[in-house]
Amino acid sequence: MWVMNRSALGIRRPGNWKVALGGVLACILIAGLVLGPRLLRLYRVVHLFDEDVIVQNFLHMEDVFPVTTIAASSEPFRFPQGATITLPAQLAINGDTVDTQVHFDHTKVTGLLVIKDGQIVFEEYYRGHSEDGYHMSWSVAKSFVSALVGIAFAEGALDSIDDPVTKYVPQLQGSGYAGVRIKDILQMSSGVRFNEDYSDFSSDVNRLRRILAWGGSLDELAESLEVEVPPGTRHHYVSIDTQVLGMLLVRITGTSLSQYLEEKLWHPLGMEYPATFIVDDDGMELALGGLSASLRDYAKLGYLYLNEGRWGDEQVVPRQWVLDSVTPDAPHLLPGKDNPQSNTAWGYGYQWWIPLNPDGEYMAVGFGNQFIYVYPKEHLVIVKNTANHHYSSDIGYYHGMDVALFREIASGLR
C-alpha cells in the first residue's frame, strides 16, 4: 500500500525528482538574474556613505544607479588660466582655528576650483578625482533645475510662477501639492510634510533612496505626500519640492529633463565634458540631486549667474530670474539663526542659498559639502567637491567651515 501511494504520487521514479529539482534550480536562476542586480544596488545604497567607499561612490554614481547621459558641447568653452594662488593655511570658525589641510583631510575633499575675473587661479583634484571626471552634485543639481524653470518661463511654457503647480501637473491633485504655487515650491515653502533625515531609516528621503535601489516611481512618491503647514508661510527644506519642479519641466517642455538640460544649458555654456543623471524605473531623472558632472562644468553655472544670466552675447537665463533667484523676498526666507519660520539658518531664493551675514554672496549646496559659491562683488566663483562621511553629524559646522574657506580665499585675492 505504501509503495502504491508513493508511486501514485510520482515520488518513486528518479526522473520526476530530476524534473522537480531542475524546475527549482531554474526558478532560482531566473530570480537571481532578475533580483540580483537590484539586491546588489540595494546593498550599495545602504552603504553609500560608508567611509571606505564614499569617495568611489561619489565619483562613479553610474556604477550604482541607472543613468542617462548628457552630451558635452561640440564647442567647449575653457576658462583661461590666471596666476595661481595659495590657499589660506588656517580657517577661523566660531572662535576656533583649524588648519585648512586638516579640514580637507577630515572631510575628504576631492576637488577645488577657484575662478577670479573669469580666469582659473586654483584647480586641484584629490582622491582619484580628475579634470574630466564626474562627481555627484547632490542638491547642487537643484540650482540647475531652477535655471531651467526660468528658461521655460521666459519661453512661455509657464503663464506665471504664481500659478498652482497642479495647473500643469494635474496628477498632483489630491496630494499635498494641490493648489501650491510654483513660486512656493521654488522657495522650498510648499508646506508639504517630508522627513529629510538620512539617519532615520523610515524617513521620506530614505524611502526615496529605496525607490532608486529597488525600483519604483519618483512621481508616485511625490503624489503620496501630504500637507503639513500652509504653503508660503515656512521655509522647510524638502528635496521632493525640486522633484516636483522636474515633473513640471517634463510636462511643460514635452521632453526629458536631461534633454532639456543639454539643449538649454549644457550646449550654450560650452560644457567641456558629458554628464549623467540618475533615473528611476520610468526613466524620470532624480531632479533633486542626481546630476554628476565635472568641476569646470559646475563652475559654468556659477559664472553664468555671476554675469546675471548672460553668456557671451546670449541671455541664457533671464536677468530678472537670476536676481529673483538669489534674493529672499519674504521673512521666512531671510538668513538668521533665530528665524522661527525656517528650519535652517541660511536664507533661500529659487533653489539657491544665501549664507549668514551675506555680502551679496549666494551658493548652490549639496549633500557631503558640494558647493558652487558665487561672490559678485569680487567677481569670484568657487566650486568644491567633497565626499564627507561626517556630514550628517554636524552639517552646520562643516558648512560654516567651507564658507569661512571661501571668504578667506576672497580676502586673499583682494
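Structural notes, computed from the coordinates.

Conventions adopted
- Residues numbered from 1 in each chain as written.
- Predicted model: local features only at pLDDT ≥ 70, side-chain atom pairs only at ≥ 80, totals over all residues.
- Heavy atoms only, no water.
- Helix = DSSP H or I, 4+ residues; strand = E, 2+ residues; numbered from the N terminus.
- Buried < 20%, exposed > 50% of the residue type's maximum accessible area, 1.4 Å probe, protein only.
- Contact = heavy atoms within 4.5 Å.
- Polar contact = N/O pair within 3.5 Å; in protein donor to acceptor, adjacent residues only side chain to side chain.
- Core = buried A, V, L, I, M, F, W, Y, C linked by side-chain atoms within 4.5 Å.
- Axes fitted to C-alpha atoms, helices over the stretch in contact; angles between N-to-C directions.
- Parallel < 35°, antiparallel > 145°, perpendicular 65-115°, else oblique.
- Left-handed = near helix turned anticlockwise from the far one by under 90°.
- Nonpolar A, V, L, I, M, F, W, Y, C, P; charged D, E, K, R; others polar.
- Salt bridge = Lys/Arg side-chain N within 4 Å of Asp/Glu carboxyl O.
- Expected span 1.5 Å × (residues − 1).
- Pairing = 2+ DSSP bridges.
- Phe/Tyr/Trp six-rings, centres within 6.5 Å; stacked < 30°, edge-to-face > 60°.

Here the focus is the overall build of the protein. Scanning the protein from N- to C-terminus turns up 13 helices and 15 strands. Referenced to the eigenvectors of the C-alpha coordinate spread, the extents of the protein come out at roughly 100 × 50 × 45 Å. Per-residue burial over the protein gives 53% buried out of 414 residues. Contacts in the protein between residues at least 24 apart in sequence constitute 67% of all its contacts with a sequence separation of at least 6.

For Lys-183, the location among the structural elements is in helix H6 (residues 182–186). A polar atom in the side chain of Lys-183 sits 2.8 Å from the side chain of Asp-329. Leave out the neighbours within four places in its chain, and Lys-183 touches Ile-161, Asp-162, Asp-329 and Tyr-350.

The subject of this paragraph is the nonpolar core. For soluble globular proteins, the rule of thumb is that nonpolar side chains tend to be buried together. Core analysis: the biggest nonpolar cluster contains 129 residues, and Phe-144, Leu-265, Tyr-305, Val-317 and Ile-372 have the highest contact counts within it. In terms of residue count, the dominant contributor to this core is helix H5 (residues 140–154) (nine residues). Sequence-distant contacts of Ile-372, that is, excluding residues within four places in its chain, are made with Val-140, Phe-144, Tyr-298, Leu-301, Gly-302, Trp-352, Tyr-362, Met-363, Ala-364, Val-381, Ile-382 and Val-383.

The next subject is helix H7 (residues 204–214). Residue pairs spaced three or four apart in an α-helix point in one direction, given the helix's 3.6 residues per turn. With eight of its 11 residues buried, H7 lies for the most part within the structure. Buried within H7 we find Asp-204, Val-205, Asn-206, Leu-208, Arg-209, Ile-211, Leu-212 and Ala-213. Remark: Gly-215 follows H7 within two positions and exhibits a positive phi of approximately 115°.

For the rest of this paragraph, the subject is the packing of helix H4 (residues 100–107) against helix H13 (residues 395–413). Where H4 contacts H13, the two axes come as close as 12 Å, and the packing angle between them is 135°. As summarised for this structure, H4 and H13 are arranged oblique, according to the angle between their axes. The element H4 and its partner H13 pack so that their crossing is left-handed. Across the interface between the two elements, Thr-100, His-103, Phe-104, His-106 and Thr-107 from H4 touch Tyr-398, Met-401, Asp-402 and Leu-405 from H13. Across the contact of H4 with H13, the residue classes break down as four nonpolar, four polar and one charged.

On to the environment of Arg-44. Topologically, Arg-44 is positioned in helix H2 (residues 14–46). Take Arg-44: its relative accessible area is 25%, and that puts it in the partly exposed class. For the pair Arg-44 and Ala-213, spaced 169 residues apart in the sequence, the C-alpha separation amounts to 8.4 Å. Ignoring any residue separated from it by four or fewer positions in sequence, one finds Arg-44 in contact with Asn-57, Asp-63 and Val-64.

The topology assignment puts Glu-124 in strand E5 (residues 119–125). A residue is classified by how much of its surface remains accessible, and Glu-124, at 38% relative accessible area, is partly exposed.

Right, let's get into the pattern of salt bridges. Following the criterion strictly, the structure yields 25 salt bridges and no others. The salt bridge partner of Glu-272 is Lys-300, with a shortest N-O separation of 3.0 Å. Of this pair, Glu-272 sits in the loop between helix H10 (257–266) and strand E7 (275–278) while Lys-300 sits in helix H11 (residues 295–306), placing them 28 residues apart in sequence. A relative accessible area of 7% means that Glu-272 is categorised as buried. Accessibility expressed as a relative area gives 0% for Lys-300, which makes it buried. The partner of Asp-297 in a salt bridge is Lys-300, with the nearest N and O atoms 2.9 Å apart. Here Asp-297 pairs with Lys-300, and both are found in helix H11, just three residues apart, close to one helical turn. We classify Asp-297 as buried; its relative accessible area is 0%. Through salt bridges that share partners, Arg-78, Glu-123, Glu-131, Glu-272, Arg-296, Asp-297 and Lys-300 make up one connected network.

Our focus in this paragraph is H5. End to end, H5 covers 22 Å across 15 residues, agreeing with the expected 21 Å (1.5 Å per residue, within 8%). Counting buried residues in H5 gives 13 out of 15 residues, a clear majority hidden from the surface.

We now examine the sheet that holds strand E1 (residues 67–70). The strand order across the open sheet formed by four strands is E1-E7-E8-E6, and the pairing between neighbours is antiparallel. At either margin of the open sheet sits one strand with a lone partner, and together these are E1 and strand E6 (135–136). Where E6 lies against strand E8 (residues 291–293), two bridges are found, and the strand directions are antiparallel. Bridging from a neighbouring strand, Met-136 pairs with Ser-292 of E8. Where H10 meets the sheet, it contacts E1, E7 and E8, and its direction lies at approximately 20° from that of E1.

Within this structure, the stated rule accounts for 25 aromatic pairs. Ring geometry for Phe-144 against Trp-266: centres 6.0 Å apart, planes inclined by 45°, an arrangement best described as tilted. Linking Phe-144 in helix H5 with Trp-266 in helix H10, this pair joins segments that are 122 residues apart in sequence. What links up through ring pairs into an aromatic cluster is the set Phe-49, Phe-58, Trp-138, Phe-367 and Tyr-391.

Residue position: Gly-246 is located in helix H9 (residues 240–253). Taking the C-alpha atoms as reference, Gly-246 lies 37 Å from Ser-411; in sequence the two are 165 residues apart. In contact with Gly-246, other than residues within four places in its own chain, are Val-145, Met-284 and Ala-287.

Of the two faces of E7, both are covered, the one formed by Ala-275 and Phe-277 as well as the one formed by Thr-276 and Ile-278. Looking at chain direction, E1 and E7 are connected through four bridges and run antiparallel. Residue pairing in the sheet places Thr-68 in a bridge with Phe-277 of E7. Taken together, the two bridges between E7 and E8 define a ladder with antiparallel strand orientation.

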